Structures are given as structure tokens and as C-alpha cells.
Amino acid sequence: MHCHSWDAMFTFQTLQTPPPRLEDRDHWRLRDGTQLTLRPMQAQDGPLLDDMLERLSPGARRNRFHGGVNSRPALLGCLQAPGQIAFIVTAERQQQLQVVAEARYAVDSQGDCAEFAVVVDERWQRRGLGERAMRALANTAAHTGLRWLHGEVLADNRAMLALMRRCRFCCTPDAEDPRLVHAESALHIARRA
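Reference entry: report on the structure contained in this document.

About the cut-offs
Residues numbered from 1 in each chain as written. Predicted model: local features only at pLDDT ≥ 70, side-chain atom pairs only at ≥ 80, totals over all residues. Heavy atoms only, no water. Helix = DSSP H or I, 4+ residues; strand = E, 2+ residues; numbered from the N terminus. Pairing = 2+ DSSP bridges. Axes fitted to C-alpha atoms, helices over the stretch in contact; angles between N-to-C directions. Contact = heavy atoms within 4.5 Å. Buried < 20%, exposed > 50% of the residue type's maximum accessible area, 1.4 Å probe, protein only. Arc of directions from axis to C-beta. Core = buried A, V, L, I, M, F, W, Y, C linked by side-chain atoms within 4.5 Å. Salt bridge = Lys/Arg side-chain N within 4 Å of Asp/Glu carboxyl O. Expected span 1.5 Å × (residues − 1).

Glancing now at unusual backbone geometry. You will see that Arg 126, though not glycine, has its phi angle at about 65°, which is positive. Here Arg 126 shows up in the loop between β5 (113-120) and α4 (129-143).

Our next topic: the sheet that holds strand β8 (residues 180-186). A sheet is described by the order of its strands in space; here eight strands give the open sequence β1-β2-β3-β4-β5-β6-β8-β7, paired in mixed fashion. Looking at the sheet topology across the chains shown, the edges are occupied by β1 (26-29) and β7 (170-173). Each strand axis lies, on average, 25° off the axis of its neighbour in the sheet, ignoring direction. Contacting β4 (96-107), β5 and β6 (148-154), helix α2 (residues 58-65) crosses the sheet at an angle of about 175° to β5.

A few words now on helix α1 (residues 46-55). Taken as a whole, α1 has its buried residues at Gly 46, Leu 48, Leu 49, Met 52 and Leu 53. Taken down its axis, α1 places every buried residue within 160° of arc, on the same side.

With that settled, consider the nonpolar core. Within the largest apolar cluster, 37 residues are counted, with the highest numbers of intra-cluster contacts made by Phe 116, Met 134 and Leu 149. Mapped onto this core, the elements with two or more residues apiece are β2 (35-40), β3 (84-93), β4, β5, α4, β6, α5 (158-166) and β8. By residue number, the principal contributor to this core is α4, which donates eight residues.

As a further point, take the pairing of β7. Both β7 and β8 contribute to a ladder of four bridges, which runs antiparallel. Looking at β8, one finds that Cys 170 is bridged to Glu 184. Where β7 folds back on β8, the antiparallel hairpin that results is connected by six residues.

Take the pattern of salt bridges next. Evaluated as defined, the whole model comprises nine salt bridges. We note a salt bridge from Arg 132 to Asp 26, for which the minimum N-O separation is 2.9 Å. With Arg 132 in helix α4 and Asp 26 in strand β1, the pair connects residues that are 106 residues apart, well separated along the chain. Residue Asp 26 is classed as partly exposed on the basis of its relative accessible area, which comes to 26%. With its nearest N and O atoms 2.6 Å apart, the salt bridge here joins Arg 39 to Asp 45. With a relative accessible area of 3%, Asp 45 lands in the buried category. Residues joined by salt bridges that share partners form a network here, namely Arg 55, Asp 121 and Arg 123.

We now examine the environment of Phe 65. In this fold, Phe 65 is placed in helix α2. Residues Phe 65 and Val 119, spaced 54 residues apart in sequence, show a C-alpha to C-alpha distance of 9.3 Å.

What follows is about α4. Across its 15 residues, α4 extends 21 Å between first and last C-alpha, which sits within 8% of the 21 Å expected from 1.5 Å per residue. The buried count for α4 comes to eleven of 15 residues, which makes it a mostly enclosed element. All of the buried residues along α4 are Leu 129, Gly 130, Ala 133, Met 134, Ala 136, Leu 137, Ala 138, Asn 139, Thr 140, Ala 141 and Ala 142. Looking one or two places after α4, you find Gly 145, whose phi comes out positive at around 95°.

Written out as C-alpha cells, the structure reads:
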């Protein structure tokens, strides 16, 4: 069931650009000078993903995976699967590179919507990484013809629910499982006037 409120529509001006290609990069710097890059995930990112998974607290793992598989093969599996895309955000400090966020979607069987997932390393939260990753997912999804993004968020995951509200997702408690909240939003390609 989709939330059809216009206020819940997820529209970013960046949707005017074509979907990212593997060689595309989004670079920016934090106030402390840290260089960040958002880009599509690649098979050779496995060791960096391992490091990120090791840094996640048990609570962060629970919030991201809901108790499911949380291993590198599961994260990299999307690279060969049709209808799936994943992005990572890397940070470079003192010539050391690490993955600090990961976001992905998988197209549903209906073919017009996709389920998303995103995680930001706790030490890197509240710096806009989650919003930037969701923007990349929405941009790609809209340009490939998808109409909706949706996901399940644990009801006690306040940081993720706050991100969903900032991204103007409609958040609805699950009618049967009070531990879950459904987050969904329509996708629109912003058109220039």
C-alpha cells in the first residue's frame, strides 16, 4: 500500500542528471578537510566493506540487517544481481581510505518500485551522508523508470526515522508488527521550468 500524500513525495533537483555510471564520483569535503566520495560499489571494495562491518556496533548491525545476514558476500551479491544497485561513501584521512556509508536498492517483482537499505557508520552520522546516499538512490531509481522507493525501519531506530522524515518519506507503523515502520516515497524526475 502506497502513501499518496503529495507532501511525502521525494523530489530532489539532482534528479535532472542522468543516472550515475561506474566511473561517476560525487566528491565533497567536510569542514575538517576530510575528503568524501560517493560512488557505485565495486567488487574490489570487499576489504573496505569488511572493515566497515567490523566497526559497526551490535545496535547498528541490528538496525541495518534486522538480524539477517550481515556479511561481505551478502553486501557484494548485488553487483551481479539484475535490478540492484549499491553506492558507498568513502572517507580519506591521512591517506587512509575507509567506507563510512553504504546504500542500495533492489527492484521488486512488480518492476516499478524498489526496496532500499542504508547504513552510516555511527562515527560519521549527522554529517549529511545518509541524505546524500538516498539522493543518489532516488536519482538512479527515477531515471531507470522506478516509481517508488520503500523500506522497513525498526521502530526504535530514531536516527533512520529522522533521516526518512528529512527525505520526506511517508512513515507508517506496521499494522501487525509494532517493531517495524514502513517508509516509502514516490519518485519524480524534477523538470526545469
